[in-house]
Amino acid sequence: MHVRGVGLPDETPTELWIVDGRISTEPVAGADTVFDGGWIIPGLVDAHCHVGLGNGGEIPLEEAVAQAETERDVGALLLRDCGSPTDTRSLDDRDDLPRIIRAGKHLARPKRYAAGFSRELEDEWQLPDAVAEEARRGDGWIKLVGDWIDRGVGDLAPLWSDDVLKAAIETAHAHGARVTAHVFSEDALPGLINAGIDCIEHGTGLTDDTIALMVERGTVLVPTLVNIVENFPGIADAAAAKYPAYAAHMRDLHARGPSRIAAARDAGVPIYAGSDAGTMVAPGRIADEVEALKGIGMSPAEALGAACWDARRWLGRPALDHGASADLLCYAQDPRSGPAVLRDPDLVILRGRAFRPQA
């Protein structure tokens with residue numbers, strides 16, 4: 001195949017040939033031109049999703065396949081799966097599904113995360129060994145639950161002591177894995193960042209001090225703005241009668257979370273786009289997350305890069321490079337113009353195979 005158009009982010013005339021599932025920047029004789037004119041970008045990245053996670057935890061593999069197909073059809077061709085109880089490794093053999101970078105199962109304490117979602121550790125000092133096991137099963141990432149409601153306290157509280165976190169993160173790094181954590185509130189952040197964590201998910205409780213600490217330590221943020229904006233009020237309402245302090249805290253985090261994430265971006269914290277698809281957010285929402293990033297001050301090009309070329313660089317995956325896997329999207333209209341265009345590519349090419357989402 002052959003495609004021709006304007007390549008982003010450089011806005012340069014681009015011609016690519018696709019042979020044996022890979023990109024060639026050199027002409028290939030006899031190639032069929034399947035796209036001519038418009039815009040060409042690398043496949044989108046959803047840096048926080050959950051292929052294989054349903055409302056009750058583990059799901060049948062065919063449901064995970066359907067989740068992945070939905071992501072593919074909106075152009076999300078590289079997925080960082082931030083925790084799933086379903087073993088989806090067999091999907092790697094499917095050339096019609098996005099590539100998945102797995103973090104294995106969430107690691108949590110008993111009754112300190114959504115039921116059925118995580119691997120629960122009775123003793124917090126089991127965490128370093130559990131991290132080592134998940135590192136061997138995953139694709140270079142570990143997912144911790146950093147905070148969750150503590151029913152004895154009636155509010156969000158950290159799950160792990162600082163010494164345990166330091167030992168666990170050092171273990172992960174020794175096994176070649178990076179670590180990320182679910183964190184809503186303020187209190188869990190200093191221990192995680194000081195322990196050397198690589199990434200924070202959500203981050204609604206960021207303060208000026210923890211933002212500065214993230215900048216100092218090079219910690220990345222994936223805020224999942226769609227989930228925050230759409231779902232925090234409902235979470236608070238459902239808990240208000242039994243846990244009023246927690247409900248009030250969630251409403252406060254909802255109200256000021258976007259401004260705190262904007263402050264992190266202004267301070268220089270690297271931010272990437274993740275939809276949190278899998279339970280409360282339906283698959284296929286990465287274009288909405290890109291649009292939400294514009295709301296915290298990102299330019300259209302910066303927001304798209306956070307779900308495309310910049311996110312690929314962060315994850316160590318190629319873009320439109322000679323010899324790279326042919327995972328790319330073609331648009332008749334500029335994909336920076338808004339979610340209606342971005343979620344509806346005219347041509348999806350995954351592993352050298354062409355898909356048209358509306359076909």
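Residues numbered from 1 in each chain as written. Predicted model: local features only at pLDDT ≥ 70, side-chain atom pairs only at ≥ 80, totals over all residues. Heavy atoms only, no water.

Digging into unusual backbone geometry
Leaving glycine out, the prevailing phi sign among residues is negative, and the prevailing peptide bond configuration is trans.
Part 1: In the segment running from Leu-8 into Pro-9, the intervening peptide bond is cis, with an omega of 15°.
Part 2: One can find Pro-9 in the loop between strand E1 (2-7) and strand E2 (12-19).
Part 3: The phi angle at His-202 is positive, at roughly 85°, despite the residue not being glycine.
Part 4: A positive phi angle, close to 65°, is found at Asp-276, a residue other than glycine.
Part 5: The residue Asp-276 is located in the loop between helix H7 (244-267) and helix H8 (286-294) in this model.
Part 6: Taking the relative accessible area as the measure of exposure, Asp-276 reaches 10% and is therefore buried. (Helix = DSSP H or I, 4+ residues; strand = E, 2+ residues; numbered from the N terminus. Buried < 20%, exposed > 50% of the residue type's maximum accessible area, 1.4 Å probe, protein only.)

Comments concerning the sheet that holds E1
Part 1: With mixed pairing, 7 strands are arranged side by side in an open sheet as E3-E2-E1-E4-E18-E19-E20. Only two strands of the sheet have a single neighbouring strand rather than two, namely strand E3 (22-24) and strand E20 (353-355). Neighbour-to-neighbour, the strand axes of the sheet open up by a mean angle of 40°, direction not taken into account.
Part 2: Where strand E19 (residues 347-350) and E20 come together, 3 bridges link them in antiparallel fashion. Bridging from a neighbouring strand, Ile-349 pairs with Ala-354 of E20. (Pairing = 2+ DSSP bridges. Axes fitted to C-alpha atoms, helices over the stretch in contact; angles between N-to-C directions.)

Quick look at the side chain of Asp-327
Part 1: Structurally, Asp-327 can be placed in the loop between helix H10 (309-314) and strand E18 (328-331).
Part 2: According to the relative accessible area criterion, Asp-327 is buried, its value standing at 4%.
Part 3: From its side chain, Asp-327 meets the backbone nitrogen of Arg-351 in a polar contact 2.6 Å long.
Part 4: Non-local contacts of Asp-327, meaning those with residues more than four positions away in its chain, are made with Pro-42, Gly-43, Leu-77, Arg-99, Arg-312, Ile-349, Leu-350 and Arg-351. (Polar contact = N/O pair within 3.5 Å; in protein donor to acceptor, adjacent residues only side chain to side chain. Contact = heavy atoms within 4.5 Å.)

Some words on the pairing of E1
Part 1: Two elements, E1 and strand E4 (residues 33-42), share 5 bridges in a ladder whose sense is parallel. For Gly-7, the partnering residue across the bridge sits in E4 and is Ile-40.
Part 2: Pairing between E1 and E2: 6 bridges, direction antiparallel. From the neighbouring strand, Val-6 faces E2, where its bridge partner is Pro-13.
Part 3: Counting the residues between successive antiparallel strands, the hairpin from E1 to E2 contains 4 residues, one of them, Glu-11, with a positive phi of roughly 60°.

Digging into the packing of helix H2 (residues 127-137) against helix H3 (residues 162-174)
Helix packing geometry: the angle between the two helix axes and the distance between the axes.
Part 1: It is at 8 Å that the axes of H2 and H3 come closest, and there the two elements cross at 25°. As summarised for this structure, H2 and H3 are arranged roughly parallel, according to the angle between their axes. For the element pair H2 and H3, the recorded crossing hand is right-handed. Residues Leu-127, Pro-128, Val-131 and Ala-132 of H2 form the contact with H3, whose own contacting residues are Val-164, Ala-167, Ala-168, Thr-171 and Ala-172.
Part 2: Taken together, the residues of the contact of H2 with H3 sort by class into 8 nonpolar, 1 polar and no charged. (Parallel < 35°, antiparallel > 145°, perpendicular 65-115°, else oblique. Left-handed = near helix turned anticlockwise from the far one by under 90°. Nonpolar A, V, L, I, M, F, W, Y, C, P; charged D, E, K, R; others polar.)

Remarks on the state of the cysteines
Part 1: Applying the stated criterion across every chain, the model contains 0 disulfides.
Part 2: Counting only cysteine sulfurs, Cys-199 is the nearest neighbor of Cys-82, a cysteine outside any disulfide, at a range of 6.9 Å.
Part 3: Exposure remark for Cys-82: the relative accessible area of 1% places this residue in the buried category.
Part 4: Left unpaired, Cys-330 is separated from the closest cysteine sulfur, that of Cys-308, by 12 Å.
Part 5: What makes Cys-330 buried here is its relative accessible area of 0%. (Disulfide = S-S within 2.5 Å.)

A word on the packing of aromatic side chains
Part 1: Inspection of the entire model under this criterion finds 6 aromatic pairs.
Part 2: A ring pair is formed by Tyr-113 and Phe-117, whose centres lie 6.0 Å apart and whose planes are at 80°; its orientation type is edge-to-face. Of the two residues, Tyr-113 and Phe-117, both sit in the buried class.
Part 3: Note on Tyr-272 and Trp-314: the rings are 4.5 Å apart at their centroids and 5° apart in plane angle, and the pair reads as stacked. Placement of the pair is Tyr-272 in the loop between H7 and H8 and Trp-314 in helix H10, with a sequence separation of 42 residues.
Part 4: When its relative accessible area of 12% is taken as the criterion, Tyr-272 is described as buried.
Part 5: What links up through ring pairs into an aromatic cluster is the set Tyr-113, Phe-117, Trp-148, Phe-184 and Phe-232.
Part 6: Taking the ring centre of Trp-141 as reference, the NZ or CZ of Arg-80 above it sits at 4.5 Å. (Phe/Tyr/Trp six-rings, centres within 6.5 Å; stacked < 30°, edge-to-face > 60°. Lys NZ or Arg CZ within 6 Å of the ring centre and 35° of its normal.)

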